[in-house]
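Each chain, letter by letter, is given below.
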Amino acid sequence: MRDASRAHDMTTHAPPTDLCQLFYISRSLSTPLDVEAILVSSRRQNLRRGVTGILLFSGGHFAQLLEGSAQALRETMAAIDADPRHEAVTRLMEGPLAQRRFANWSMAFFEAPGADDLIQQLLAGPPVSPERAQRVVERMLAPCLHLGASD
C-alpha cells in the first residue's frame, strides 16, 4: 500500500554542490502505531532540515533513501541510529547526488511486505558494494521512484 496522500511539499533545498543521498536498511522493532509516529516526526524534522526521501516498510524491516545536505543527513542518521525502534541500521550507499528524486516530498511512504527476505539477506550477508546497493535501490524502490520526480 502506498501513502502518496501524505506527501508534503518541500520548499527548502540543499545547494546543488552539497546535495547528497544516503540509503540504509534496518530491522524494525516497531508496532504499526510506532510507524505512524515515525512518519509524523520524521516528516516534521525532514522539513526543518531540508531532507527529502522515501521510507519503505516491509513489516519487519525499513529501507530508506534520503536526500539533502551532508550535515542534514548526518543529523537525520544520528537520530535514526539512536532510535530504539530500529536495530542493525546499515548504510548501503552514501554520496553526492546531482538532483533530488523526491524534491516534492519530505518523506514518501510505502509498505512492501515482500521485501522482508531481501532486506534480511542484505543485513546478514557480507558488506554490499556501492554498485549492488544502487541496484537494490533501483529494484526495491522502482515502483515508487517515478512518483517523486518533479514535473
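Because the structure is a prediction, the values reported are computed rather than measured.

S.K.: Describe the sheet that holds strand E5 (residues 108-111), and please don't skip the residues or the numbers.
M.R.: In spatial order, the strands read E4-E1-E3-E2-E5; together these 5 strands make up an open sheet with mixed pairing. Looking at the sheet topology across the chains shown, the edges are occupied by strand E4 (86-96) and E5. Adjacent strand axes in the sheet meet at a mean angle of 15°, parallel and antiparallel pairs treated alike. Strands in contact with helix H2 (residues 70-82) are strand E1 (19-28), strand E3 (61-69) and E4; relative to E3, the strand with the most contacts, it is inclined by about 155°.

S.K.: Describe in detail the layout of surface pockets, supporting the description with residues and values.
M.R.: Reported here for the largest pocket is a volume of approximately 240 Å³. At the level of secondary structure, the elements contributing two or more residues to the lining of the largest pocket comprise helix H1 (32-49), E3 and H2. At 6 residues, the largest contribution of residues to the lining of the largest pocket is made by H1. Residue classes in the lining of the largest pocket are distributed as 7 nonpolar, 7 polar and 3 charged.

S.K.: Before we move on, can you summarise the pattern of salt bridges with the specific residues and values?
M.R.: For the coordinates displayed, the defined rule picks out 4 salt bridges. Its salt-bridge partner being Arg 49, residue Glu 75 comes within 3.2 Å of it at the nearest N-O pair. Within this pair, whereas Glu 75 is found in helix H2, its partner Arg 49 is found in helix H1, the two being separated by 26 residues in sequence. When its relative accessible area of 31% is taken as the criterion, Glu 75 is described as partly exposed. In this structure, Arg 85 engages Asp 83 in a salt bridge whose closest nitrogen and oxygen atoms are separated by 2.7 Å. Judged by its relative accessible area of 14%, Asp 83 is buried.

S.K.: Got a sec to walk through the packing of aromatic side chains? Specific residues and values, please.
M.R.: All chains considered together, the criterion is met by 2 aromatic pairs. Between Phe 57 and Phe 62, the aromatic rings sit 5.0 Å apart at their centres with planes inclined by 35°, giving tilted as the arrangement. Taken as a pair, Phe 57 and Phe 62 share a single burial class, namely buried. A ring pair is formed by Phe 102 and Trp 105, whose centres lie 6.3 Å apart and whose planes are at 25°; its orientation type is stacked.

S.K.: Hey, could you go over unusual backbone geometry for me, with residue numbers and the actual values?
M.R.: Backbone geometry at Ala 88 places phi at a positive 55°, although glycine is not the residue there. If you trace the backbone, Ala 88 turns up in strand E4.

Here is what the cut-offs are and how they apply
Residues numbered from 1 in each chain as written. Predicted model: local features only at pLDDT ≥ 70, side-chain atom pairs only at ≥ 80, totals over all residues. Heavy atoms only, no water. Pairing = 2+ DSSP bridges. Helix = DSSP H or I, 4+ residues; strand = E, 2+ residues; numbered from the N terminus. Axes fitted to C-alpha atoms, helices over the stretch in contact; angles between N-to-C directions. Contact = heavy atoms within 4.5 Å. 1 Å grid on protein atoms, 1.4 Å probe; cavity = no way out; pocket = protein on both sides within 12 Å on 5 of 7 lines; lining within 4 Å. Points joined across faces, edges and corners; volume = space filled by probe spheres on them. Nonpolar A, V, L, I, M, F, W, Y, C, P; charged D, E, K, R; others polar. Salt bridge = Lys/Arg side-chain N within 4 Å of Asp/Glu carboxyl O. Buried < 20%, exposed > 50% of the residue type's maximum accessible area, 1.4 Å probe, protein only. Phe/Tyr/Trp six-rings, centres within 6.5 Å; stacked < 30°, edge-to-face > 60°.

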